[in-house]
Amino acid sequence: SSGINAEYGGRTELCKQVLNDTWRSYPCWSEDSTFSGAKKTQYEEYINKCDDERFELDVVIETNLACIKQLEAVQKKIDNLSVEEVTRFRLDNKLGGSSEVIGRKAIKRIYGDKHGNIIDGLKKS
């Protein structure tokens, strides 16, 4: 294998500019390593855990912001439509964005088991 992945479908020009299709990373160690020099103190463990939790929270915040921006853009588009166009307007599974997953995950995180009803309502309204 040359290390270069096959072409992926659905890539925009921006995706082609910023996504890595060439380099691969193969970790050669693990945080669970039993190597005695790699042992962490309990304080280092807490710091690493806190860092991991903060990273996950940052991902959640960014996902929610992306969903909000996506839905705000849809609202602006609807505001500029005629009454007839508004009656025909329907959101697709991407909820006005470029990904079916981002908006759905954010809405599920906020509304829990009712997320399906919320998404259906957005698509029908």
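What counts and what doesn't
In this numbering scheme, every chain counts its residues from 1 along its sequence in written order. Note on the predicted model: pLDDT of at least 70 is required for a residue's local features to be given, and 80 or more for side-chain atom pairs to be given and counted; whole-chain, interface and lining totals, by contrast, use all residues. The basis for every side-chain value is the complete set of heavy atoms in the structure, and neither hydrogens nor water enter the calculation. In DSSP terms, a helix is any run of H or I states spanning at least four residues, a strand is any run of E spanning at least two, and both are numbered starting from the N terminus. Accessible area is worked out with a 1.4 Å probe on protein chains only. A residue is then buried under 20% of its type maximum, exposed over 50%, and partly exposed in between. Any pair of N or O atoms that falls within 3.5 Å is considered a polar contact. Within protein, one atom must be able to donate a hydrogen and the other to accept it, and sequence-neighbouring residues count only if both atoms are side-chain atoms. Residue contacts follow a heavy-atom distance rule, with two residues in contact if any of their heavy atoms lie within 4.5 Å. Whenever a helix is involved, its axis is fitted only over the stretch in contact; in every case the axis is a line through C-alpha atoms, and angles between N-to-C directions fall within 0 to 180 degrees. Roughly parallel here means an angle under 35 degrees, roughly antiparallel means over 145, roughly perpendicular means 65 to 115, and every remaining angle is called oblique. By convention the crossing between two helices is left-handed if the near helix lies anticlockwise of the far one by an angle smaller than a right angle, and right-handed if it lies clockwise.

### Comments concerning unusual backbone geometry
A positive phi is found at Leu95, a non-glycine position, where the angle reads about 55 degrees. As for its position among the elements, Leu95 is in the loop between helix H3 (83–88) and helix H4 (100–111). Its relative accessible area of 2% is what places Leu95 among the buried residues.

### A look at the side chain of His115
Looking at the element boundaries, His115 is found in helix H5 (residues 115–124). Of the polar contacts made by the side chain of His115, one reaches the backbone oxygen of Gly112; its length is 2.8 Å. Leaving out residues up to four positions away in the same chain, His115 has contacts with Ile107 and Lys108.

### Thoughts on the packing of H4 against H5
Across the interface, H4 lies against H5 with an axial gap of 8 Å and an inter-helix angle of 130 degrees. Viewed along their axes, H4 and H5 adopt a mutual orientation that is oblique. For the pair H4 and H5, the crossing hand works out as right-handed. Mapping the contact onto sequence places Arg104, Ile107, Lys108 and Tyr111 in H4 and His115, Ile118, Ile119 and Leu122 in H5.

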